[in-house]
Amino acid sequence: MVNKLTRLLIMMCFISPVPVVLSAAGSQSSNADTESTTKLSASDTLAIEQKIEQHATQNPLSIDVQSAILSPLTAHSAKYTVFYGDIELGEANYRLPASDSGFYTYEFNSDVSLLMLSDQRHLKSEFTLENGKLVPFRYVHDRTGTGSDYNEQTAFAKAQKFIHTIYKKEAIKLPYEDKVFDPLMVQLQFRMDLAANLRPLDYKMVKEKEVDDYQFRVLGTEKVTLASGTYDTVKVEVIREAKKAKKRQTYFWMATDLAYLPVRLSHYSKGSKQLDIQLASYHFEKPLPPMTPVVVDGPLSVDAAGIENERNDNKSNTEISHSELEEIKRLAAD
């Protein structure tokens, strides 16, 4: 459970994303349970490309559309409440100040706890806007709380074609790739790509001395009601291979009227034990332009629909089990 919560908080930073709680056992993660996700099949990819081509023909890029694509870079802040089942763990905050130079700074702070475990994080991403695309420059991640504190720093040396990264005092040099991001600013690129109806929604990011690959698809549109309000959203899922999808599902809801700001993230393990991150408040410094209609990639698969039904059947099963509680106590004691 500890590793699951840690992964999901990292995912939240992405949209993420997502770091939250209980990274005391983070070092126990194995390479077999990587964050990288499965690629779309060739037939799915072709079908989506045809939809995008048709949409582009019917909706050529106008000044209004270009403004919508860049709207996620409008100066704004957002606050989220993090839940494990019905248990409130804490909060997370994002802040993107205004920029007149094309150089941006994006920050994320979280403070969450469960019983005797705690986790505080500060993430900072610096990046530039070049030819309508975001280019990473520097990324810093500081973590404190129960267990070992640590720091992660990454410098993207585009001119030298290298990425220099340090994680828990261990340094490594990776080859530079044109379409690679840090785990924080990639959220903004994702929102821009939704506004532009670009596909595939496939992103590589440098995290913990490795390059992870995430891919997503747009399932459809939904109206989402939270304590902070009711939002018109597009629902997005993390693509996983069938075997993993039966055990783990992650969904995001992005508000179309808020420059695709994420308003909710929900994660399910074996149909239950929901990790839920909900938008509590937000503020944009300038009015936002209207969004163009998003292209829907496809509905839930048959397997996913079955998982959805199973999840609803187990909706009330959100208490922490005895074995999970004992594991938390053991980690705290260590």
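Rules used throughout
Residues numbered from 1 in each chain as written. Predicted model: local features only at pLDDT ≥ 70, side-chain atom pairs only at ≥ 80, totals over all residues. Heavy atoms only, no water. Helix = DSSP H or I, 4+ residues; strand = E, 2+ residues; numbered from the N terminus. Buried < 20%, exposed > 50% of the residue type's maximum accessible area, 1.4 Å probe, protein only. Areas by Shrake-Rupley, 256 points an atom, 1.4 Å probe, with all protein chains shown as cover. Phe/Tyr/Trp six-rings, centres within 6.5 Å; stacked < 30°, edge-to-face > 60°. Lys NZ or Arg CZ within 6 Å of the ring centre and 35° of its normal. Polar contact = N/O pair within 3.5 Å; in protein donor to acceptor, adjacent residues only side chain to side chain. Contact = heavy atoms within 4.5 Å. Lys, Arg positive; Asp, Glu negative; His and termini not counted. Salt bridge = Lys/Arg side-chain N within 4 Å of Asp/Glu carboxyl O. Core = buried A, V, L, I, M, F, W, Y, C linked by side-chain atoms within 4.5 Å.

**Overview of the overall build of the protein chain**
And then number 1: Scanning the protein chain for helices and strands turns up 7 helices and 15 strands.
And then number 2: Per-residue burial over the protein chain gives 51% buried out of 334 residues.
And then number 3: Within the structure as shown, the protein chain displays about 15,400 Å² of accessible surface, and the carbon and sulfur contribution to it stands at 50%.

**Digging into the packing of aromatic side chains**
And then number 1: Within the structure shown, the criterion is met by 16 aromatic pairs.
And then number 2: One aromatic cluster in this structure is built from F181, F190, Y203, Y214, F216 and F252.
And then number 3: It is K173 that lies over the ring of F162; its NZ or CZ is 4.3 Å from the centre.
And then number 4: Above the ring of Y251, the side-chain terminus of K235 is found at 4.5 Å from the ring centroid.

**Section: the side chain of Q189**
And then number 1: Looking at the element boundaries, Q189 is found in helix α4 (residues 186-196).
And then number 2: A polar contact is formed between the side chain of Q189 and the backbone nitrogen of L134, at a distance of 3.0 Å.
And then number 3: Sequence-distant contacts of Q189, defined by excluding residues within four places in its chain, comprise K133, L134, F181 and Y203.

**Overview of the side chain of E237**
And then number 1: By the secondary structure assignment, E237 is in strand β12 (residues 229-238).
And then number 2: At 4.2 Å, R217 is the nearest oppositely charged side chain to E237, a buried residue that forms no salt bridge.
And then number 3: If we ignore the near neighbours within four places in the chain, the residues touching E237 are Q215, F216, R217, L219, T250 and Y251.

**Examining the environment of K158**
And then number 1: Within the element layout of this structure, K158 appears in the loop between β6 (150-157) and β7 (162-167).
And then number 2: A C-alpha to C-alpha distance of 9.7 Å links K158 and P175, two positions 17 residues apart in sequence.
And then number 3: Filtering out sequence-adjacent residues up to four positions away, K158 remains in contact with E130, V135 and Y176.

**Considering the nonpolar core**
And then number 1: Counting 67 residues, the largest nonpolar core has F127, L194 and F216 as its most contacted members.
And then number 2: Residue contacts for L194: discarding those within four places in its chain leaves L201, V218, V234, M254, Y260 and V294.

**Considering the pattern of salt bridges**
And then number 1: Counted by the stated rule, this structure contains 16 salt bridges.
And then number 2: Of the charged contacts in the structure, one is a salt bridge between K124 and E126, with a shortest N-O distance of 4.0 Å.
And then number 3: By relative accessible area, which is 11% here, E126 ends up buried.
And then number 4: Here K158 and E130 are joined by a salt bridge, their closest N and O atoms 3.2 Å apart. One end of the pair, K158, is in the loop between β6 and β7; the other, E130, is in strand β4 (residues 117-130), and 28 residues separate them in sequence.
And then number 5: A residue is classified by how much of its surface remains accessible, and K158, at 36% relative accessible area, is partly exposed.
And then number 6: Using a relative accessible area of 33% as the deciding quantity, one classes E130 as partly exposed.

Don't take any of this as a statement about function, it's just geometry.
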